[in-house]
Every structure is written in C-alpha cells, then in structure tokens.
Amino acid sequence: MTIALSKQTVRKAISAHSALGLICCALLYLICATGTAIVLYEEWQRLEQHDAPEMTAIAPASVQRGIENVLAAESDRPTTTHLYVHLPTRDLPRATITTDTQAVHIDRSGAIAMPEENAWAEFLLALHYRLNLPAVIGMSLVGLFGAMLVALTISGIVAHPRIFRDAFRLRARRADAVATLDWHNRLAVWTIPFALAIALTGAMIGLFYISGVGLASSGYGGDSEAALAPVFGAEPEGDPAPAPIADVTPALAFMEREFPQTIPYYVILHDPGTAGQHVQIIAEHPRRLIFGEYYAFSGKGEFRGTVGLADGTVGQQLAASTYNLHFGNYGGLPVKIAYILFGLAMTVVVATGTFIWLDKRERAARPSELLRAAWWGFVVGVPAGVAATLLSRLAMGNGAPFVAIFWAVCLLALALNLLRFKRRGGVLKGYIRVPTA
Amino acid sequence: MGSDALLWMAAALAIAGVAVLRLSWERPARSRAWNIAGWGALLAAVLAGDAAAGEWGIAATVLVIMFAAFVVLAFAAAKPARKGRATKGRAKIARTSPRTIEETAPERRSGLVTFALAGPISLAASVLLALAVRAMVLMAGGAEADGNVAVLATVPIAWPILSFALLMMSRRIRQCALVMGVAAVSAPFLLLQNGTV
C-alpha cells in the first residue's frame, strides 16, 4: 500500500521534516530520553530512599495522627496553607505528608519517621518537564517541542510514500546509512500513536502558560485560576478564624463506605486550623485514564460532592486524562514497561533523524563530520549525564548538585567526542558511515 | 461477555491484525483482501478495547498493537544482511528522499522570516483559532469547561499543522496569506469571550 502523493509534495515534506528536526533535535532528544527515564518516577523514589517505611495501606486514624504530628512539629512557624497526605499506593507504598515547608514519611501508626529525600527523582522530573529552568519558560519550551513533535510526525508521514508497504522492512544488520534510515522510519511509523499521544498531551500541559494565559486574558480578566475553575473546580472562600484541626477520619471512612470501587491516594487539607478549612480526597478510578476524581468534604467530614473529572463534561474528563496518558501510569508495571520501550524508540528516532541528515550532507559531498562528532557526543552525553547524577545521588546523598553534574557530564561527553575527532585528523572511524560513491 | 474477556479478545485481535498485515505486505503483489483483513482486525481490536474499558481499553489495546509490531520488527532486525545489495539500498534512499541538500531547499529564502512565520506568528494565530473554537463551543450551548479545555487542546493540534502547512508552501505570499487568514477569521471571536461565559 502506498499513499499517492506527488514527488514534489514528498520532497517538500522531507524538507519541512528536516528543517523542523534540525531545529528541535537536541532538546527533543533530551526530552524524550528523560521522559523515558521518568516513567519509573515512583520506583526511582523507592530506590533513593529504600529505608523509608512502606505499607500496603494505612488506617484513617493513623493518617489523622500523622497530620496532627506534622502540624505540631511546625508550631514554631506560620501554619501551612495546604497539607498533602500521599496514601500508600501499589507503585509507591508509602505515606508521606507534604506542607508548604517540608515533606516527611510517616509510619503505620502516624508517627513521623524521616524526611522525604527524593531530590534525584525530582531533578529528573524537572529536567523533563521544564529543562531545570523556571516553570514559565521551561514548561513553555517543552510544550513548544511537544507541538513540534506533532509537526514532525505529520511531516514524516507525508514524507514517506511507502509508509505501509515498508512498515516491516528493517535491514538493521547492514550497519550503514540504509540501516540508520530503516531504524528511523520503522520505529517512527510504529510509534505514531504513542508519539502523537505523548506529544499532544505534553504540549497541552506545557503550553498552558501560553494557551491558558490567552484564555485567562480574553475571558477571565487575566485570572488563570478562574479559567481552570470550570474544569478542576474552584477553591471555596476561606475563613481565617482559628479552629481545631480538621478530622479526616470520617472523610476516609465515607470513601470506603460509599465509593468502595475507588482507591483514595491523596488527602488534601486546605487552610488547616482555620474555620474555613476543608478536605479533598483524590481517588483513583480503576481502568480509567483520568488521574482521579476530587471528593470534597467540609472540615467536619461532611461530603460536599465531586468536581466531575470522572463523570462530568467531556472536556473535564479529557483534561483529567492528559497526565496519566502522558506519564504512562494507568496500568501498572506492564504499561510502564511499554512506555519505556516506546520512549526509547522515540529517543532513537530523534537521534537517527539527525544522523540521516548528516548522511545526506555526506552524499552531497558536503560532509559535516565535526557536527556528527558533536551530535554523537550529545547523544551519549545525555544518558551518561543522567547516569552520573544517579550515581552521585547514591554516593553523595540528597544534596548532590544534580543540575551542575548533569550538564557538566553532557559538555564533557561532547568535548571528548570532538577531541577524539580532532585526534583522528578529522576522519571519523567507528561511527555510522554511508557508502561512498 | 465480561470486560476482562473483551480485553483479552482485543489483545488477540491486535496481535492477529499485525500478523496479517505483516504477511500481506510481504507479498510481491498487493492483496486488497489481506489488507482489509489486517486493518479490520486492528479496528475490531480497538472497538473491543473500547467496549471493555472505554478510553482506557483503547489505550491498552493500542499499546498491544505497537508491541506486536515491535516483536515483528525485532525478527526483521535479526535477519542477516543480504550480500551485494548496497547499490540497491542506495537507490531506495534516492527514491524516497532527496539526493542532495540542494534538493531539499530549492529556493533561497530568509530562514529567519520562515522561522518567525512557522514559529511565534503561527502560534499566535493558533491561540486565536483556539479562542474562536471556545466561542463557538459556548455559542452552541456547550459547557464552559468544554470550551476552556477546547482552547488548551486546540493549540497543540492547530499550531503544528499550521507550521507544517507553511513549510510546505513555496511562495512567501501564500505563507503570509494562510497565517494572516487564520488570524483574521479567528480574531472577531475575541469579542465573544466575555459575553458567552
């Protein structure tokens, strides 16, 4: 089967595909590689702090004790505005309480066990979704690259007239330009659904600072929270008058009694210790792509309703589905393994795309061997940088300077590869080569 | 039929669909019947996934389809390379891709202007288009949440399509006409953003 497109159209599509790929290749490679690694976000956290108390479940009374213990430990500072309790889940069987100023693990009885130490997993996540830059700039950049991945996918389809006929042709053992081209095209073709899902959801999340701000400016007087309120719910009016700490026990009991098919995994206490405090429980709905549903309770545990992420409008359900679809945490380890496999494939597609362009230059008698050496350096440097930061975490602890180590290793790999190229008198050996004419 | 059974059926159809397509595309001549059978099995797999567990079932089924294809590709990758095929291989590249860099860029145009048109200007036009979509959703009686999510979802779809379309155009005037046309058609809907919520 072939797609009937004129030669000129195909040529233009290749040109567009090359231009987009060249502009995006480096950061897109970084985003794909780190995105593949961050699929195991929860597992990395367990590796980082393997001695944290683990449990399959925690009693509601222990959760309440944990909240009271943490707030008592913070009595010397202004009361936190929000308190989050992560309940034990299959992927991360730990109970962790996070406030405005700290995060601690609690044990089965609700006693504070130790501070949470997951700086490496957080570094990796931040590298993926904001390139370790300030959120507005970094997330927007990543969102832009997500959108460009969509453009690359579309242009790649148009540029490949025998897309289906060749779909299973992979001459990998030729070890030449044809093999590089085959790897690129075959992996790209079969990951199209994955690439589109990842790119669109990633761009939707990342471009919020552009599209969401546009929405807020045009319809809500610049108030982004008001723009999101119809989708994710609004924060109720607060009342700062002092009050006893809310009891989350009846809310958790209500969930167990009234919604036994759901799996609560987060308790959020808003404005604790005030008359306006209220509780939200986020519960997972098995076999749904939504990250969960918000169940709202008063400070006394009276059920106030849900936001509608599970059964509200199409838009609400779609918005709530973007996160799980992007990060691959909707089906346990099998789905995570699949995401790692396809994420690796996408990373290879991005890397080989640039090699194909370099091969074309070589065929056109315009070799860019310095660029090739630099690209090899970056391709090797990113995973080496990630591995180096992980080793630093294990050797130096939570406080290791991950950002500096990562970029230093990347630059070192690049410099070493360029040096290797120079030492060989500018002639590349041992790299993917094209047959010379 | 229970949802688990339907899911297993979806997985089986997914694997069968990939296998049939593999056999079909290997044949020296096209076979419409085999192609329809392969694509049909994949479609049936997705429908079974949907019937089993909605969007979750579809997502899981698509993962199975891709995984099955990867298994077939692994076998293809393991095949030894044929001797004496280098020339033909090169000829294949020449058929599906331009031979030289010049072929990919037949005209000399300012890369900066092209970048500006396909990048920030197209993005701005896409945001305007997304806001127009929101206004239309609300005017048609849609929920405010749907209108707002339409904005967030439209930009990542509209912008890459617009950028790609611009890069496919040879003449600058056409590029400008397209991006300005999208912006001009969408801009009036800005006036309806407040009035419709």
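Residues numbered from 1 in each chain as written. Chains lettered and ligands numbered in written order. Predicted model: local features only at pLDDT ≥ 70, side-chain atom pairs only at ≥ 80, totals over all residues. Heavy atoms only, no water.

**Remarks on the overall build of chain A**
And then number 1: Helix and strand counts for chain A come out as 14 helices and eight strands.
And then number 2: Dimensions of chain A along its principal axes, counting C-alpha atoms only, are 80 × 50 × 40 Å.
And then number 3: A total of 437 residues make up chain A; the buried ones form 55% of that total.
And then number 4: Residue pairs at least 24 apart in sequence account for 66% of intrachain contacts in chain A once pairs closer than 6 positions are excluded.
And then number 5: One finds the centroid of the 35 positive side-chain charges in chain A at a distance of 23 Å from the centroid of its 33 negative side-chain charges. (Helix = DSSP H or I, 4+ residues; strand = E, 2+ residues; numbered from the N terminus. Buried < 20%, exposed > 50% of the residue type's maximum accessible area, 1.4 Å probe, protein only. Contact = heavy atoms within 4.5 Å. Lys, Arg positive; Asp, Glu negative; His and termini not counted. Charge placed at Lys NZ, Arg CZ, Asp CG, Glu CD.)

**Digging into the interface of chain B and chain A**
And then number 1: With 76 residues of chain B at the contact, the number on the chain A side is 86 residues.
And then number 2: Across the chain B/chain A interface, buried area totals approximately 7,000 Å², and carbon plus sulfur atoms make up 72% of it.
And then number 3: Contact with chain A buries area across many residues of chain B, yet Trp25(B), Trp56(B) and Phe70(B) alone supply 10% of it, more than any other trio.
And then number 4: Two residues, Glu55(B) and Arg288(A), come together in a salt bridge whose shortest N-O distance is 3.1 Å.
And then number 5: Along the contact surface separating chain B from chain A lie 13 residue pairs in polar contact (both at pLDDT 80 or more).
And then number 6: Taken together, the elements giving at least two residues each to the side of chain B that touches chain A come down to helix 1 (3-26), helix 2 (32-78), helix 3 (86-96), helix 4 (101-104), helix 5 (111-139) and helix 6 (144-167) of chain B.
And then number 7: Split into classes, the residues belonging to the side of chain B that touches chain A amount to 48 nonpolar, 13 polar and 15 charged. (Buried area = accessible area lost by both parts, 1.4 Å probe. Salt bridge = Lys/Arg side-chain N within 4 Å of Asp/Glu carboxyl O. Polar contact = N/O pair within 3.5 Å; in protein donor to acceptor, adjacent residues only side chain to side chain. Nonpolar A, V, L, I, M, F, W, Y, C, P; charged D, E, K, R; others polar.)

**Quick notes on the domain arrangement of chain A**
And then number 1: Per the domain assignment, the segments of chain A are domain 1 (7-42 + 122-208 + 331-423) and domain 2 (52-116 + 234-306).
And then number 2: Inter-centroid distance (C-alpha atoms) of domain 1 of chain A to domain 2 of chain A is 39 Å. (Domains from an automatic or database assignment.)

**Side note on the environment of Ala45(B)**
Residue and element names in this part refer to chain B.
And then number 1: Tracing the chain through its elements places Ala 45 in helix 2.
And then number 2: Note: C-alpha distance between Ala 45 and Ser 3 (42 residues apart in sequence) is 13 Å.
And then number 3: Once residues within four sequence positions are removed from consideration, Ala 45 is found in contact with Ala 10, Leu 13, Ala 14 and Thr 61.

**Topic: the pairing of strand 4 (residues 112-115) of chain A**
All names here are of chain A.
And then number 1: As judged from the three bridges shared by strand 3 (residues 103-106) and strand 4, these two strands associate in the antiparallel manner. Residue His 105 lies in a different strand from strand 4, and its bridge partner there is Met 114.
And then number 2: Between strand 3 and strand 4, which follow one another and run antiparallel, lie five residues, and Gly 110 among them has a positive phi close to 100°. (Pairing = 2+ DSSP bridges.)

**Digging into helix 6 (residues 177-190) of chain A**
Since the α-helix packs 3.6 residues into each turn, any two residues three or four apart lie on the same face.
Residue and element names in this part refer to chain A.
And then number 1: The end-to-end C-alpha distance of helix 6 is 20 Å, a good match for the 20 Å that 14 residues give at a rise of 1.5 Å each.
And then number 2: Counted residue by residue, helix 6 has 12 buried out of 14 residues, so it is predominantly covered.
And then number 3: Every buried residue belonging to helix 6 is among Ala 177, Val 178, Ala 179, Thr 180, Leu 181, Asp 182, His 184, Asn 185, Arg 186, Leu 187, Val 189 and Trp 190, and all of these are buried.
And then number 4: Measuring from the side-chain oxygen of the N-cap residue of helix 6 to the backbone nitrogen of Val 178 gives 3.0 Å; that N-cap residue is Asp 176. (Expected span 1.5 Å × (residues − 1).)

**Thoughts on the sheet that holds strand 4 of chain A**
Residues and elements named next belong to chain A.
And then number 1: The antiparallel open sheet is built from eight strands, whose spatial order is 4-3-2-1-5-6-7-8. Each having just a single partner strand, strand 4 and strand 8 (303-306) make up the two edges of the open sheet. Sheet twist, expressed as the mean angle between neighbouring strand axes with direction ignored, is 25°.
And then number 2: Direction of pairing for strand 1 (residues 82-86) relative to strand 5 (residues 263-270): antiparallel, over a ladder of five bridges. Each residue of the ladder has a partner; that of His 82, found in strand 5, is His 270. (Axes fitted to C-alpha atoms, helices over the stretch in contact; angles between N-to-C directions.)

**Digging into the packing of helix 1 (residues 7-38) of chain A against helix 12 (residues 332-363) of chain A**
Residue and element names in this part refer to chain A.
And then number 1: At a minimum axis separation of 9 Å, helix 1 and helix 12 run at an interaxial angle of 140°. It follows that helix 1 is oblique to helix 12 by the angle criterion. Of the two possible hands of crossing, helix 1 and helix 12 adopt the one that is left-handed. Of the residues in helix 12, those touching helix 1 at Ile 14, Ser 18, Leu 22, Cys 25, Leu 28, Tyr 29, Cys 32, Ala 33 and Thr 36 are Ile 340, Gly 343, Leu 344, Met 346, Thr 347, Val 350, Ala 351, Thr 354, Trp 357 and Lys 360.
And then number 2: Grouping the amino acids of the contact of helix 1 with helix 12 by side-chain chemistry returns 13 nonpolar, five polar and one charged. (Parallel < 35°, antiparallel > 145°, perpendicular 65-115°, else oblique. Left-handed = near helix turned anticlockwise from the far one by under 90°.)

**Points about the confidence of the model for chain B**
And then number 1: Overall, the predicted model of chain B reaches an average pLDDT of 87, with 84% of residues at or above 70.
And then number 2: Note that residues 85-96 of chain B has pLDDT below 50 and, in this model, 20 contacts with residues that lie over four places away or in other chains. (pLDDT = per-residue confidence, 0-100.)

**Side note on the nonpolar core**
And then number 1: Counting residues in hydrophobic clusters, the biggest one holds 115 residues, and the most contacted among them are Trp190(A), Tyr330(A) and Tyr339(A).
And then number 2: Considering each element in turn, this core owes the most residues, 18 residues, to helix 2 of chain B.
And then number 3: Discounting residues that sit within four places of it in the chain, Tyr339(A) has contacts with Val39(A), Phe194(A), Ile198(A), Asn324(A), Leu325(A), His326(A), Phe327(A), Gly328(A), Tyr330(A) and Leu63(B).
And then number 4: Among the nonpolar cores identified, the runner-up in size contains 27 residues, and Ile67(A), Leu71(A), Ala251(A) and Val279(A) belong to it. (Core = buried A, V, L, I, M, F, W, Y, C linked by side-chain atoms within 4.5 Å.)

**So, the pattern of salt bridges**
All names here are of chain A.
And then number 1: Evaluated as defined, the whole model comprises 18 salt bridges over all chains.
And then number 2: With a closest N to O distance of 2.5 Å, Glu 48 and Arg 393 form a salt bridge. In this pair, Glu 48 is assigned in helix 2 (residues 41-48) and Arg 393 in helix 13 (residues 369-396), connecting sequence segments 345 residues apart.
And then number 3: The exposure class of Arg 393 is buried, given its relative accessible area of 6%.

**Focus: the pairing of strand 7 (residues 293-298) of chain A**
Regular strands place their side chains on alternate faces of the sheet.
Residue and element names in this part refer to chain A.
And then number 1: Across the six residues of strand 7, five count as buried, placing the element largely inside the fold.
And then number 2: For strand 6 (residues 278-284) and strand 7, the ladder comprises six bridges, and the chain directions are antiparallel. Across the sheet, the residue bridging to His 278 is Ser 298, located in strand 7.
And then number 3: The sheet contact formed by strand 7 and strand 8 spans three bridges and is antiparallel. Note that in strand 8 the partner of Ala 296 across the bridge is Gly 305.

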